[in-house]
Amino acid sequence: MQNTVSHQKGMAEHEPGKKRKLIGDRGNYFLDRIQGEAGVNISACFQCERCTNACPVSHFMDIKPHQAIRYIQLGWREDLLKSSTIWVCLSCEMCTTYCPNEVDVAETINHLRNMAAHSSITPKEKSLAVFHQTFLEVLRKSGKVNEFRLMNAYYLKPDIFQEKLKNGTLKEELLLGLTLLRKGRLKIFTPRSRAIKDIQKAYHQARGEIG
Amino acid sequence: MKISFYPGCSLEGMAKDYFHAIDAVFEAMDIDLVEIEDWSCCGATAAHSLSEAMSVILPARNLAAAEKMGLDIVAPCANCFNRLRYSQQIIKKKVFDIPWQVTGDIQVHDMTRFLAESSMIKLIKERVLKPLNGLKVVCYYGCQMVRPPKITGYTDYENPLTLDRIAAAAGAEVIDWSYKSTCCGASIGIARKEIGESLTMRILQKAQQAGAEAIVVSCPLCQSNLDIIQKDRPDRRTPIFYFAELLRLSFIAHGDPKWFKMHFTDPVPLLKAKGLL
Ligand code: SF4
Ligand code: SF4
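Residues numbered from 1 in each chain as written. Chains lettered and ligands numbered in written order. Predicted model: local features only at pLDDT ≥ 70, side-chain atom pairs only at ≥ 80, totals over all residues. Heavy atoms only, no water.

(A) Local environment of the overall build of chain B. Along chain B, the regular secondary structure elements total 13 helices and 8 strands. The C-alpha atoms of chain B give a radius of gyration of 18 Å, which matches the 19 Å a tight globule of 277 residues would have. Taking the principal axes of the C-alpha coordinates as reference, chain B spans close to 55 × 45 × 30 Å. Residues counted as buried form 64% of the 277 residues belonging to chain B. When the accessible surface of chain B is summed, it comes to about 10,200 Å², and 50% of that surface belongs to carbon and sulfur atoms. On chain B, the mean spot of the 32 positive side-chain charges and the mean spot of the 31 negative ones are 4 Å from each other. (Helix = DSSP H or I, 4+ residues; strand = E, 2+ residues; numbered from the N terminus. Rg over C-alpha atoms; globule rule 2.2 N^0.38 Å. Buried < 20%, exposed > 50% of the residue type's maximum accessible area, 1.4 Å probe, protein only. Areas by Shrake-Rupley, 256 points an atom, 1.4 Å probe, with all protein chains shown as cover. Lys, Arg positive; Asp, Glu negative; His and termini not counted. Charge placed at Lys NZ, Arg CZ, Asp CG, Glu CD.)

(B) View of the interface of chain A and chain B. With 58 residues of chain A in contact, the opposing surface of chain B contributes 57 residues. Surface buried jointly by chain A and chain B totals about 5,000 Å² across both partners, of which 59% is contributed by carbon and sulfur atoms. Sorting the residues of chain A by area buried against chain B places Leu90(A), Lys183(A) and Arg185(A) first, and these three jointly supply 14% of that buried surface. In this structure, the connection of chain A to chain B is made through 8 salt bridges. Arg61(B) is the salt-bridge partner of Asp198(A), the closest N and O atoms lying 3.5 Å from each other. In this structure, the connection of chain A to chain B is made through 29 residue pairs in polar contact (both at pLDDT 80 or more). Looking at the side of chain A that touches chain B, the elements that each hand over two or more residues are α6 (85–88), α7 (94–98), α8 (105–117), α9 (126–142), α10 (147–155), α11 (158–166), α12 (170–182) and α13 (195–206) of chain A. It is α9(A) that contributes the most residues to the side of chain A that touches chain B, 8 residues altogether. (Contact = heavy atoms within 4.5 Å. Buried area = accessible area lost by both parts, 1.4 Å probe. Salt bridge = Lys/Arg side-chain N within 4 Å of Asp/Glu carboxyl O. Polar contact = N/O pair within 3.5 Å; in protein donor to acceptor, adjacent residues only side chain to side chain.)

(C) Structural context of the packing of aromatic side chains. With the rule as written, the count across this model stands at 13 aromatic pairs over all chains. Pairing Tyr154(A) with Tyr155(A) gives two aromatic rings, centres 5.5 Å apart and planes at 55°, and the pair type is tilted. When sorted by exposure, Tyr154(A) lands in the same class as Tyr155(A), which is buried. Ring plane angle 15° and centroid distance 6.3 Å describe the contact between Phe26(B) and Phe114(B), whose orientation is recorded as stacked. In this pair, Phe26(B) is assigned in helix α1 (residues 16–28) and Phe114(B) in helix α5 (residues 111–116), connecting sequence segments 88 residues apart. Overall, Phe114(B) belongs to the buried group, its relative accessible area being 6%. (Phe/Tyr/Trp six-rings, centres within 6.5 Å; stacked < 30°, edge-to-face > 60°.)

(D) Structural detail: the sheet that holds strand β8 (residues 240–242) of chain B. Residues and elements named next belong to chain B. Read across the open sheet, the 4 strands follow the order β6-β5-β7-β8; overall the sheet is parallel. The open sheet has two edge strands with one neighbour each: β6 (173–174) and β8. Across 2 bridges, the pairing between strand β5 (residues 136–139) and β6 is parallel. Considered in β6, the bridge of Val137 is made with Val174. Together, β5, β6 and β7 (214–217) form the strand contacts of helix α8 (residues 162–169), whose direction differs from that of β5 by roughly 155°. (Pairing = 2+ DSSP bridges. Axes fitted to C-alpha atoms, helices over the stretch in contact; angles between N-to-C directions.)

(E) Focus on the site of ligand 2. Residue and element names in this part refer to chain A. Close to ligand 2 lie 14 residues; Cys55, Cys89, Leu90, Cys92 and Cys95 are nearest. Among the secondary structure elements, those contributing two or more residues to the shell around ligand 2 are α7 and α8. In terms of residue class, the shell around ligand 2 is built from 12 nonpolar, 1 polar and 1 charged. (Near = heavy atom within 4 Å. Nonpolar A, V, L, I, M, F, W, Y, C, P; charged D, E, K, R; others polar.)

Right, dumping it as structure tokens:
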């Protein structure tokens, strides 16, 4: 008895001012939503950690893949959307391939990434999020993704530019860019695909804009 | 034989050399590659990450175009292949509206599996003029070509063999190893260099330990990652070949060193030492 009390006290002292997380107080709303939208049977997970063991970048994640699955069951939505996990994940599909219960872990994490991108939460790994964003911007402009344009657009994003300037890698990146150009690996001009109109229309629809 | 060809964005830029090699190889094999007219980007990982709807819709436009031509698709890029197959599966579930007429019924081949069929291997062997004798290679497949099996259709995803068969048909000495489908980090190195490096360097190290003089790949992003990281590291000299480059080299008597000028880790000295250039 005494043990339990001091343990609880210990926890409270560990994170002053923070309420302890309760298990089971959030119902199944978030779980049901993700299972429905991502088409993944998250309830089947029995926490064997095989996904995490298979993951090549789990040590760069704050919430490990198997924990992410558990968090969904508990409805801890904000923690997941604020995590580095959803941006560090490479979509390498190791977790999904090796889960003994066919929980599609990669698709689940991808779905969380989608949710985070459409939320007000600032991504914990901003540079990774900005890279994906820039890719789609370039795609929408020409229907194809020209690497030269992609890299230019990416490095010119204020956040990225400042980060590169601060950690002194800007020069290195520029030199690499020049070498790539010299080797003919970058194409400066890409003709626009006729697809742009179609793609922009699809974008508007995907965003729920009518007309 | 005729098949539609979805090159993907990389083959117009970073992997232009791959494009040229494919062109030469298919021409030599008398297979008519018909580029999908006015194709557009498949959305790659970015679309999948930020907009699930677009990750289905973007590849669907190209699927629709190929269906109109009535031809199956062959895709040289692992990610394009994966995204096209993924889109087909979701189209069939009818959970998104697709703005184009598309059923998802045609076959999407990854180029290596297309060429690793026994009839194709036979054809390759007939075309080989100068076998790549003595060239010790390991084949590296990466993620998107083989995983997840329910999308890619690979049953031997733990030990894929398509590239192995192709490289062996060209006469190379193919070494078995355990890192065929370990992730290279994809585009993560652009934003988080240290993560990318940790993954890529391990693959290079393991290839060297296995006794390989070069690595054979099919994915443009794997090629760039494994190749570019070796610049400024004089202790690392493992050329990263596209399988099509090796085929092209084996199909004619005298290869041209200029074919390899886009590589960072110059393969020419190795090929010369082996008497292959
Ligand atoms: S491998 Fe599957 S069952 Fe095991 S912890 Fe991960 S998601 Fe759960
Ligand atoms: S898909 Fe993501 S979470 Fe799953 S193993 Fe790969 S990096 Fe890890």
